[in-house]
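Fold and contact review
Next come the chains, spelled out residue by residue.
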Amino acid sequence: MTALAGRVLRERSGVLLPLAVGQALYVTDVLVTGADARLEAVLGDGATLVLGAGSRCELQHLHLPTREAPGQGLFVISGGILRLLMTKGAWEGFEVRGTTAIASVRGTDFVVASTRATTAVFVVSGIVAVAGDAGGSSRLGPGAGIDIALGEAAGRSRRWPQERVVRTLAQVPLSR
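The rules behind the values
Residues numbered from 1 in each chain as written. Predicted model: local features only at pLDDT ≥ 70, side-chain atom pairs only at ≥ 80, totals over all residues. Heavy atoms only, no water. Helix = DSSP H or I, 4+ residues; strand = E, 2+ residues; numbered from the N terminus. Polar contact = N/O pair within 3.5 Å; in protein donor to acceptor, adjacent residues only side chain to side chain. Contact = heavy atoms within 4.5 Å. Buried < 20%, exposed > 50% of the residue type's maximum accessible area, 1.4 Å probe, protein only. Arc of directions from axis to C-beta. Salt bridge = Lys/Arg side-chain N within 4 Å of Asp/Glu carboxyl O. Phe/Tyr/Trp six-rings, centres within 6.5 Å; stacked < 30°, edge-to-face > 60°. Core = buried A, V, L, I, M, F, W, Y, C linked by side-chain atoms within 4.5 Å. Pairing = 2+ DSSP bridges.

**Thoughts on the side chain of E11**
Within the secondary structure layout, E11 lies in strand β2 (residues 8-12). Only 3.0 Å separates the side chain of E11 from the side chain of R56, close enough to count as a polar contact. The residues touching E11, leaving out its near neighbours within four places in the chain, are L16, T28, D29, V30 and R56.

**Some words on helix α1 (residues 162-171)**
Taken together, the buried positions of α1 are R164, V165 and T168. Looking straight down α1, one finds that the buried residues subtend no more than 100 degrees of arc, so they occupy a single side. Set apart from the buried face of α1 by more than 90 degrees, the exposed residues are Q162, E163 and A170. Packed against the buried residues of α1 are β8 (71-85), β11 (109-114), β12 (118-125), β15 (144-149) and β16 (158-159).

**Points about the environment of G14**
Within the element layout of this structure, G14 appears in the loop between β2 and β3 (15-18). With 16 residues separating them in the primary sequence, G14 and V30 have C-alpha atoms 9.3 Å apart.

**Quick notes on the pattern of salt bridges**
Enumeration according to the criterion identifies nine salt bridges in this entry. As a salt-bridge pair, R56 and E11 come within 3.0 Å of each other at their nearest N and O atoms. Note that R56 is positioned in strand β7 (residues 56-63) and E11 in strand β2, a separation of 45 residues in sequence. Taken together, the salt bridges that share partners define one network made up of R10, R12 and D29.

**Structural notes on the packing of aromatic side chains**
Following the criterion strictly, the structure yields two aromatic pairs and no others. Pairing F75 with F94 gives two aromatic rings, centres 5.1 Å apart and planes at 80 degrees, and the pair type is edge-to-face. Highlighted residues: F75 in strand β8 and F94 in strand β9 (residues 91-97), separated in sequence by 19 residues. Like F94, F75 is buried.

**Remarks on the nonpolar core**
Counting residues in hydrophobic clusters, the biggest one holds 35 residues, and the most contacted among them are L84, F110 and V130. Sort the elements by how many residues they give to this core and β8 lands first, with four residues. For F110, the residues in contact, after removing those within four places along its chain, are L82, R83, L84, M86, V96, A103, V105, F122, V123, V124 and V128.

**Some points on the environment of A5**
With respect to the secondary-structure elements, A5 resides in strand β1 (residues 3-5). Sequence separation of A5 and E92 is 87 residues, and the distance between their C-alpha atoms is 31 Å. Residues within four places of A5 in sequence aside, it is in contact with D36, A37 and R38.

**Some remarks on the side chain of S138**
Of note, S138 is situated in strand β14 (residues 137-140). A distance of 3.3 Å separates a polar atom in the side chain of S138 from the backbone nitrogen of S157. When residues no more than four places from it in sequence are discounted, the contact partners of S138 are V128, A129, V130, I146, G155, R156 and S157.

**Looking at the pairing of β14**
Residues S138 and L140 point to one face of β14 and are all buried, whereas S137 and R139, pointing to the other face, are not buried. Bridge count between strand β13 (residues 128-132) and β14: four bridges; the pairing is antiparallel. By the bridge assignment for β14, V130 is matched with S138. Taking the residues that link successive antiparallel strands as the turn, the β13-β14 hairpin has four residues, and the phi of G135 there is positive, at about 110 degrees.

Here you go:
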């Protein structure tokens, strides 16, 4: 854990514990940020996770890249917003699941926001493949975003208006 603001908790086996800078994150940890909180963690290879206010993210699977094998991961965001800045070329098979869609990436910088009824994905740089739980898929490049509602298939991505991009990135700024 490299930076925290506000109240950030870690849930393990149904028990909520406060999280502090310097503590390690583990697979199966569920990270929970309060209404005015934010978390930033640098993964072992330099990839960065930012979790915005009012978010809940489960680290279901994480194998950091090594010299012998690329990294793999699966995070599930059941509410709130996260940003991942992945190390180019080091990751293979990294996915973020929202309530209505899944984003698959390799080396990129992207944001996933999830509510009970929608999942939004925005790509800052790189390429992200998004598949809707109700079908359909889309490939997003830099500046493109997609919103997938519950029960709807993934449609085409589109360029997000600058105002929305600024508002989205302000929720999950990178400190470096």
